[in-house]
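# Coordinate inspection notes
So you can see what is in the structure, the chains are spelled out below.
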Amino acid sequence: MRDLKKNLIYWGWNLEKITLFMFAWILFMWGLLTFMEGGSFAESAAQELWIYLCMAVFISSVSNAFNSVTHSFPFTVSMGSTRKASFIAMQLIQHLILLEYAVLAGVICRFIGENAFEIFMQYLFAIIGAVLLLQAFVNVTCAVCARFGNKVAVMVYILFAVLVFAGAMYVLLSGKVVTEDLGNRLITFVKKPYLPIAGAVLDVTAAEVYYNFLKKKDLRI
């Protein structure tokens, strides 16, 4: 328990610090690029805030994960921590950071207007599911990094990002992909707790695989 407490302090301080830096940088880019577009700054900033917030979540999650598996985790073990305590603390803080982003999104919606907050609450299951699926992907990528090295993990990350971007663009550019009936079915589906359940199962499974690789890994800082 004492070992876990020390690790929670260490991981909380380091990962929150990195997250805050990344978030500040994304906010700076959001304000700068919105200002350069011209027009109504307040209107454009409100419309594009969600894009940059999603970027901040994805970038900070991945950067935290890669930094953890390559530097922070080996450092904690070299300082006398058990691998299990360090891994549990790392996972808890990474999930906490994603929860903080979700709460921040809810607060933003509350200040924007009641309609925005009402929509946020309607899709709360989808948001929780997306958070868990993102953490599952992060754990899979880190497991690949622990097993096969940084280069292979980066290739997996890039491939995933390209596939997601290509799929999103295909859906946006092709009106035949999402019909009104299919769209209604998707909306009904994401409002139910299927995504959080699937995300939780995948997250736990990926974390277990990740830890099994870390137990056998020759850690070097």
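Residues numbered from 1 in each chain as written. Predicted model: local features only at pLDDT ≥ 70, side-chain atom pairs only at ≥ 80, totals over all residues. Heavy atoms only, no water.

## A closer look at the overall build of the chain
Our working rule: Only DSSP runs of H or I reaching four residues or more are called helices, and only runs of E reaching two or more are called strands; each is numbered from the N terminus. Summary of the burial criterion: residues with accessible area below 20% of their type's maximum are buried, those above 50% are exposed, and those between are partly exposed, where the area comes from a 1.4 Å probe applied to protein chains only. Contact criterion: two residues are considered in contact whenever any of their non-hydrogen atoms come within 4.5 Å of each other. Only the protein chains shown count as covering a residue, and every accessible area follows the Shrake-Rupley method with a 1.4 Å probe.
From N to C terminus, the chain includes eight helices and zero strands. N-terminal to C-terminal, the α/β element order of the chain is α-α-α-α-α-α-α-α. The buried share among the 221 residues of the chain stands at 35%. Long-range contacts, defined here as pairs at least 24 residues apart, represent 79% of the contacts in the chain between residues at least 6 apart. Accessible surface computed for the chain: about 13,600 Å², of which carbon and sulfur atoms make up 73%.

## As for the nonpolar core
Note the cut-off: Side-chain atoms within 4.5 Å link the members of a nonpolar core, which is a set of buried Ala, Val, Leu, Ile, Met, Phe, Trp, Tyr and Cys residues.
Within the largest apolar cluster, 38 residues are counted, with the highest numbers of intra-cluster contacts made by Trp11, Val69, Phe87, Tyr210 and Leu214. At the level of elements, α1 (2-37), α2 (41-78), α3 (83-112), α5 (124-148) and α8 (194-216) are the ones that each hand at least two residues to this core. Once residues within four sequence positions are removed from consideration, Tyr210 is found in contact with Val69, Phe87, Met90, Gln91, Asn139, Cys142 and Ala143.

## Description of the state of the cysteines
Worth spelling out the cut-off: The definition used for a disulfide is geometric: two cysteine sulfur atoms within 2.5 Å.
On inspection of all chains with the given rule, the structure shows zero disulfides. With no disulfide of its own, Cys145 has Cys142 as its nearest cysteine by sulfur position, at a separation of 6.5 Å. Judged by its relative accessible area of 3%, Cys145 falls in the buried class.

## Here we look at the confidence of the model for the chain
Just so we agree on the cut-off: Values of pLDDT, the confidence the predictor places in each residue, fall between 0 and 100.
On average, residues of the chain score 79 in pLDDT, and 83% of them are at 70 or above. Confidence scores differ between elements of the chain, with helix α7 (residues 180-190) showing the lowest mean pLDDT of 67 and α8 the highest of 90.

## Topic: the environment of Gly129
For Gly129, the position within the fold is in helix α5. For Gly129, a relative accessible area of 0% puts it in the buried group. For the pair Gly129 and Pro193, spaced 64 residues apart in the sequence, the C-alpha separation amounts to 8.0 Å. Contacts of Gly129, omitting those with residues within four sequence positions, involve Leu195 and Pro196.

## Description of α5
Worth spelling out the cut-off: In a helix, the anticipated span is given by 1.5 Å times the number of residues less one.
The terminal C-alpha atoms of α5, which comprises 25 residues, lie 36 Å apart, in line with the 36 Å expected from a rise of 1.5 Å per residue. Looking at the residues trailing α5, positive phi occurs at Gly149, about 105°.

## Some points on the packing of α3 against α5
This is how it is decided: Simply put, an axis is a line fit to the C-alpha atoms, just over the touching stretch for a helix, and the angle between two N-to-C directions goes from 0 to 180 degrees. In this scheme the handedness of a crossing depends on how the near helix is turned from the far one: anticlockwise by less than a right angle means left-handed, clockwise means right-handed. In this classification, Asp, Glu, Lys and Arg are treated as charged, Ala, Val, Leu, Ile, Met, Phe, Trp, Tyr, Cys and Pro as nonpolar, and every other residue, Gly included, as polar.
Taken N-terminus to C-terminus, the directions of α3 and α5 make an angle of 145°; their axes are 10 Å apart at the nearest point. Where α3 crosses over α5, the two elements pack in a sense that is right-handed. Contact residues: Gln91, Gln94, His95, Leu98 and Ala102 in α3; Ile127, Val131, Leu132, Leu134, Gln135 and Asn139 in α5. For the contact of α3 with α5, the residue count by class is six nonpolar, five polar and no charged.

## Here we look at the packing of α3 against α8
A pair of packed helices can be characterised by two numbers: the angle between their axes and the separation between those axes. Close contact between α3 and α8 brings their axes to 11 Å; oriented N to C, the two are set at 145°. Viewed along their axes, α3 and α8 form a crossing whose handedness is right-handed. Packed against α3, whose contacting residues are Arg83, Lys84, Phe87, Met90, Gln91 and His95, the element α8 presents Asp203, Ala207, Tyr210, Tyr211, Leu214, Lys215 and Lys216 at the interface. Residues of the contact of α3 with α8, tallied by class, amount to six nonpolar, two polar and five charged.

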